[in-house]
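Letter by letter, the chains look like this.
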Amino acid sequence: MKTFERAHPAERTATGAQRGEPTAGVTWPDEIYRVLREFGVTQFAYVPDAGHKVLIDRSLSDPAVHSVALTTEEEGVGLLAGAHLGGARGVLLMQSSGVGNCINFLSLVRGGQFPFLMLVSMRGDFGEGNPWQMPMGRAVEPVLEAMGVMCLRVDDAREAADTVRAAATMVYQAGQAVAILLTQKLIGAKPF
Amino acid sequence: MNTSGASPEFLLDRNEAVPQLVGRHEDFLIVAGLAGTARDLTFLSRDAPHVFALAGAMGATTSMGLGLALARPERRVLVITGDGELLMNVGTLATAAVMNPPNLAIVCVDNGRYGETGWQKSHTSLGVDLEQMAIGAGIRTTRLVTRPEQIPEASRLIRDGNGASFVLMRVKPTESPPHKRDLDPATERLRFRAALPD
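Residues numbered from 1 in each chain as written. Chains lettered and ligands numbered in written order. Predicted model: local features only at pLDDT ≥ 70, side-chain atom pairs only at ≥ 80, totals over all residues. Heavy atoms only, no water.

*Asks:* Could you give an account of the overall build of chain B, naming the residues involved and the relevant values?
*Replies:* Within chain B, the regular secondary structure consists of 8 helices and 8 strands. For a compact globule of 198 residues, the expected C-alpha radius of gyration is about 16 Å, and chain B comes in at 15 Å, within 12% of that figure. With the C-alpha coordinates aligned to their principal axes, the bounding extent of chain B is approximately 50 × 35 × 30 Å. Going through the 198 residues of chain B one by one, you find that 54% of them count as buried. Residue pairs in contact within chain B that sit at least 24 positions apart in sequence constitute 75% of those at least 6 positions apart. (Helix = DSSP H or I, 4+ residues; strand = E, 2+ residues; numbered from the N terminus. Rg over C-alpha atoms; globule rule 2.2 N^0.38 Å. Buried < 20%, exposed > 50% of the residue type's maximum accessible area, 1.4 Å probe, protein only. Contact = heavy atoms within 4.5 Å.)

*Asks:* Tell me about helix H7 (residues 134-146) of chain A, residues and numbers included.
*Replies:* Residues and elements named next belong to chain A. When the terminal C-alpha atoms of H7 are compared, their 19 Å separation across 13 residues agrees well with the 18 Å that a helix rising 1.5 Å per residue should span. The largest bend in H7 amounts to roughly 45° and is located at Val140, with the proline Pro142 lying one to four residues further along. The complete set of buried residues in H7 reads Gly137, Val140 and Leu144. Looking one or two residues beyond H7, the residue adopting positive phi is Gly148, at roughly 85°. (Expected span 1.5 Å × (residues − 1). Bend = angle between axes of the 7 residues up to and from the residue.)

*Asks:* Requested: an account of the layout of surface pockets, with residues and values cited.
*Replies:* Residue and element names in this part refer to chain B. Here the largest pocket is characterised by a volume of approximately 370 Å³. Every residue lining the largest pocket is counted, 23 residues in all, and those nearest its centre are Leu34, Ala35, Gly36, Gly115 and Glu116. Listed by contribution, the elements that provide at least two residues to the lining of the largest pocket are helix H2 (35-44), strand E3 (76-82), helix H4 (83-88) and strand E5 (113-114). Of the residues contributing to the lining of the largest pocket, the split by class is 6 nonpolar, 10 polar and 7 charged. (1 Å grid on protein atoms, 1.4 Å probe; cavity = no way out; pocket = protein on both sides within 12 Å on 5 of 7 lines; lining within 4 Å. Points joined across faces, edges and corners; volume = space filled by probe spheres on them. Nonpolar A, V, L, I, M, F, W, Y, C, P; charged D, E, K, R; others polar.)

*Asks:* Explain the interface of chain A and chain B residue by residue, including any values.
*Replies:* On the chain B side, the residues contacting the 27 residues of chain A number 27 residues. Considering only the side of chain A, the residues that lose the most area to chain B are Glu75(A), Leu85(A) and Phe105(A), jointly responsible for 28% of the buried surface there. Joining chain A to chain B, the criterion identifies 0 salt bridges. Taken together, the links from chain A to chain B amount to 11 residue pairs in polar contact (both at pLDDT 80 or more). Broken down by secondary-structure element, the contributors of at least two residues to the side of chain A that touches chain B are strand E2 (66-69), helix H4 (74-85) and helix H6 (106-112) of chain A. Per-element accounting of the side of chain A that touches chain B gives the leading share, 9 residues, to H4(A). A breakdown of the residues in the side of chain A that touches chain B according to their chemical character gives 11 nonpolar, 14 polar and 2 charged. (Buried area = accessible area lost by both parts, 1.4 Å probe. Salt bridge = Lys/Arg side-chain N within 4 Å of Asp/Glu carboxyl O. Polar contact = N/O pair within 3.5 Å; in protein donor to acceptor, adjacent residues only side chain to side chain.)

*Asks:* Can you break down the sheet that holds strand E6 (residues 177-182) of chain A residue by residue, with the values?
*Replies:* Residue and element names in this part refer to chain A. The 6 strands lie next to each other as E2-E1-E3-E4-E6-E5, forming an open sheet whose pairing is parallel. Bordering the open sheet on either side are E2 and strand E5 (150-154), each of which pairs with just one other strand. Within the sheet, the average angular offset between the axes of one strand and its neighbour, ignoring direction, is 20°. Strand direction decides the pairing type here: strand E3 (residues 89-95) and strand E4 (residues 116-121), joined by 4 bridges, are parallel. Considered in E4, the bridge of Met94 is made with Val120. (Pairing = 2+ DSSP bridges. Axes fitted to C-alpha atoms, helices over the stretch in contact; angles between N-to-C directions.)

*Asks:* So what about the nonpolar core? Which residues, and what values?
*Replies:* One finds Leu92(A), Leu106(A), Phe116(A), Met118(A), Leu144(A), Met64(B) and Phe166(B) to be the most contacted residues of the largest nonpolar core, which totals 58 residues. Membership of the second largest hydrophobic core comes to 30 residues, among which are Ile32(A), Val35(A), Val41(A) and Leu182(A). (Core = buried A, V, L, I, M, F, W, Y, C linked by side-chain atoms within 4.5 Å.)

*Asks:* Just give me the short version of the packing of aromatic side chains, but keep the residues and values in it.
*Replies:* Each aromatic ring pair is characterised by the separation of its centres together with the angle its planes make. Residue and element names in this part refer to chain A. For the structure shown, the criterion picks out 3 aromatic pairs over all chains. Consider the rings of Tyr33 and Phe44, whose centres lie 5.0 Å apart with planes at 25°: the pair is stacked. In this pair, Tyr33 sits in helix H2 (residues 28-38) while Phe44 sits in strand E1 (residues 41-46), placing the two residues 11 residues apart along the sequence. Given the relative accessible area of 3%, Tyr33 is considered buried. We classify Phe44 as buried; its relative accessible area is 0%. (Phe/Tyr/Trp six-rings, centres within 6.5 Å; stacked < 30°, edge-to-face > 60°.)

*Asks:* Can you tell me about the confidence of the model for chain A, naming the residues and giving the values?
*Replies:* In regions of low pLDDT, the predicted coordinates are not meant to be interpreted in detail. Mean pLDDT over chain A stands at 89; residues scoring 70 or higher make up 87%. Taken together, the stretch residues 1-23 of chain A has pLDDT below 50 and engages in 46 contacts with residues farther than four places along the chain or on a different chain. (pLDDT = per-residue confidence, 0-100.)

*Asks:* How would you sum up the pairing of strand E8 (residues 165-170) of chain B? Please name residues and give values.
*Replies:* Residue and element names in this part refer to chain B. Counting buried positions along E8 gives 6 out of 6 residues, so the element sits mostly inside the fold. Side chains of E8 alternate between two faces, with Ser165, Val167 and Met169 and Phe166, Leu168 and Arg170 buried alike. Inspection of the sheet shows strand E4 (residues 104-110) paired to E8 by 6 bridges, in the parallel sense. By the bridge assignment, Asp110 is partnered in E8 with Arg170. Bridge count for strand E7 (residues 141-145) against E8 is 5 bridges, and the pairing is parallel. Bridged to Arg143 within E8 is Val167. Crossover E7 to E8 through helix H7 (residues 151-160) is right-handed. (Right-handed = clockwise from strand over helix to strand, strands pointing away.)

*Asks:* Give a detailed account of the pattern of salt bridges, specifying residues and quantitative values.
*Replies:* Summed over the entire model, instances satisfying the criterion amount to 20 salt bridges over all chains. Between Arg14(B) and Asp40(B) there is a salt bridge, and its shortest N-O distance comes to 2.7 Å. Residue Arg14(B) is located in helix H1 (residues 14-22), and its partner Asp40(B) is located in helix H2; the two are separated by 26 residues in the primary sequence. Residue classification places Asp40(B) among the buried residues on the basis of a relative accessible area of 5%. When salt bridges that share partners are traced, they join Glu31(A), Arg34(A), Glu38(A), Asp162(A) and Arg165(A) into one network.

Now the structure itself:
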């Protein structure tokens, strides 16, 4: 598989974890990690998801960052707000189902005008086969927008790093709250 | 642990016990929970910039303190919150225990009640023991404070601990100081950041 080649339809049944493996040089998740480190991100908070496997593994093996596994996604909202109070930068990684867990904590981000960056690997999206994932997946953008979080979708691996760079600029320089939605066109739909 | 079946002891006066436990508030960067502990700490510190007090996002106090402690390893960070607030995101104790920052202390001022909403009993009045939950979460250093003579040792612990520590202090269900404070979190954030140069 070429690094930035759009997935062949047959490959979309592969999980994000499989497709994210750095088997053929630098993959888009590696590019995202590099961009986040360039921006000085030192706290990586997450509830694990296959779509974030590379980012999680990279953060675990990087002695210069804190890799923080959460019990529930909203902890990450508080964690990143606390990191900002201390002058550090963080990013919150989750599956789309975790977005619902965060909503009231986003009151802190919006009310306090905290810079806030989240990467959401989508379920309940393009080609989803699990009906349990559909309600929250469909609600991700409206609920985040309602809480003042701007959403940027990434469908194409070639746009991943640039989108993260654009989002990180808006977050860490302009003080905005931004969610990057890594769609199932990008990461593939999980087979059932 | 309260295995006798007797009521837990909620005897301390928070208006005396909290200032005694915290001592010199300037020793810490502080994140204070909603309502009671937020008023306790903003009153005690006279709205000092190193105290970030929440008035919403219930359950976020401990995770905020954890992020702050990881960001500022050279400073002591104190999370001080109530039983209701901690119960709302009690799993954060597990995250704090796993990260185990040497500079983080978590204090729960447990009055066994939801004081802001009509003094309804919380789970800690009904048999739930947050110190045991902290131990179960993996926090290695914990204390239960129910009597005045236990406060000085706990006050040293939150300053000297070399890992995430947890103090459960049981108090009477009485009002915090009637302190009016600015509730705007953006103002608090900017004030906190300005007083803590990078």
